[in-house]
Amino acid sequence: MKTAEDYLNGQIILIDKPLHWTSFQTVNKMKYALIHKAGLPKKFKIGHAGTLDPLASGLLLVCTGKFTKRITELQGQAKEYTGTFYIGATTPSYDLETEIDATFDISHINERLILETAKQFLGEIDQKPPIFSAIKKEGKRLYEHARSGEFVEIESRKTTIHEFEITRIAIPEVDFTVVCSKGTYIRSLAYDFGKALQSGAHLTVLRRTKIGDYNVLNAMDVTLFEDSIVSKV
């Protein structure tokens, strides 16, 4: 078990973030436990290396103490995700945060077309972040513009898809594994994949399984982390 000094000197903690929690909430809960159970000072440093949406689960790297200096380095590492696209319908947020806003024909879509379409996304691609994202534009988060009904032009960004494997096809559902660079939005990949199929799609399941050499198989849930803290008492 780690001591208060260990956390101040620096730790990288592998957390399996639960569904519906924000990354901020997860880190906050850990910080509260370290302050009140381990006796760490209120201003000690803690942060995560790469946000996961509330509707995504999986690997969150949480850095403490001196290791918070490594956050930028860790954020730059390749990430692996697994999940599910739903073919034939879109949502404004490109996932289940918002309701379906359009439906599309899927009668022409078959296994061969899906597998061939996936190949189009390998390598460096241009991708627009979802309007429901935390990126700032004109001093406000994009999701704030979206919820206010304001139109904003979103510029595309370069991102790299290292691997894109279709692991299950049960139309309208398509399961996948993606290995990608920093800044890739899997929600946008779902939307673009649907367009490439001459249809529509949105993301229904997402789980981050790896960041660099770190694997979610070695991660713990927040409750287990709290139980692992050596009490100051």
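Remember, predicted model here, so these are calculated numbers, not experimental data.

Caption draft 1: Summary view of the overall build of the protein chain. Counting its secondary structure elements, the protein chain contains seven helices and 13 strands. Of all 233 residues assigned to the protein chain, the portion counted as buried reaches 46%. Taking the intrachain contacts of the protein chain between residues at least 6 apart in sequence as the baseline, contacts between residues at least 24 apart amount to 71%. Carbon and sulfur atoms provide 51% of the accessible area of the protein chain, an area that totals close to 12,200 Å².

Caption draft 2: Structural context of the environment of Ala-219. Here Ala-219 lies in the loop between strand S13 (214–215) and helix H7 (222–228). Residues Ala-219 and Leu-60 lie 159 residues apart in sequence; the distance between their C-alpha atoms is 8.4 Å.

Caption draft 3: Up close: the pairing of strand S12 (residues 201–211). Strand direction decides the pairing type here: strand S3 (residues 57–64) and S12, joined by two bridges, are parallel. Each residue of the ladder has a partner; that of Ser-57, found in S12, is Arg-207. The pairing of strand S4 (residues 79–87) with S12 spans nine bridges and is antiparallel. Note on S12: the bridge partner recorded for Phe-85 is Leu-203. One ladder, built from two bridges, connects S12 with S13; its direction is antiparallel. Following the sheet pairing, Lys-210 is matched in S13 by Asn-215.

Caption draft 4: View of helix H4 (residues 111–119). Residues of H4 that are buried: Ile-114, Thr-117 and Ala-118. Within H4, the buried residues cover an arc of 100° as seen down the axis, which keeps them to one side. Seen from the buried face of H4, the exposed residues on the opposite side, beyond 90 degrees, are Arg-112 and Lys-119. In the core, the buried residues of H4 are packed alongside strand S10 (157–170), strand S11 (173–180) and helix H6 (186–196). The N-terminus of H4 is capped by Asn-110, whose side-chain oxygen sits 3.2 Å from the backbone nitrogen of Arg-112.

Caption draft 5: Spotlight on the pairing of strand S1 (residues 11–17). Most of S1 is tucked away: six of the seven residues are buried. Alignment of S1 against S3, held across seven bridges, turns out to be antiparallel. Across the sheet, the residue bridging to Gln-11 is Thr-64, located in S3.

Caption draft 6: The packing of aromatic side chains, seen in detail. The full count for this structure, using the stated rule, is nine aromatic pairs. Seen in terms of ring centroids, Phe-85 and Phe-193 are 5.5 Å apart; in terms of plane orientation they differ by 40°. Their pairing is tilted. Taken together, the positions of Phe-85 in strand S4 and Phe-193 in helix H6 put the pair 108 residues apart, joining distant regions of the chain. With respect to class, Phe-85 is no different from Phe-193; both count as buried. Following the ring pairs from residue to residue traces out a cluster consisting of Phe-85, Phe-121, Phe-164, Phe-176 and Phe-193. The lysine or arginine in question, Arg-70, covers the ring of Phe-67, its NZ or CZ lying 5.6 Å from the ring centre.

Definitions and cut-offs
- Residues numbered from 1 in each chain as written.
- Predicted model: local features only at pLDDT ≥ 70, side-chain atom pairs only at ≥ 80, totals over all residues.
- Heavy atoms only, no water.
- Helix = DSSP H or I, 4+ residues; strand = E, 2+ residues; numbered from the N terminus.
- Buried < 20%, exposed > 50% of the residue type's maximum accessible area, 1.4 Å probe, protein only.
- Contact = heavy atoms within 4.5 Å.
- Areas by Shrake-Rupley, 256 points an atom, 1.4 Å probe, with all protein chains shown as cover.
- Pairing = 2+ DSSP bridges.
- Arc of directions from axis to C-beta.
- Polar contact = N/O pair within 3.5 Å; in protein donor to acceptor, adjacent residues only side chain to side chain.
- Phe/Tyr/Trp six-rings, centres within 6.5 Å; stacked < 30°, edge-to-face > 60°.
- Lys NZ or Arg CZ within 6 Å of the ring centre and 35° of its normal.

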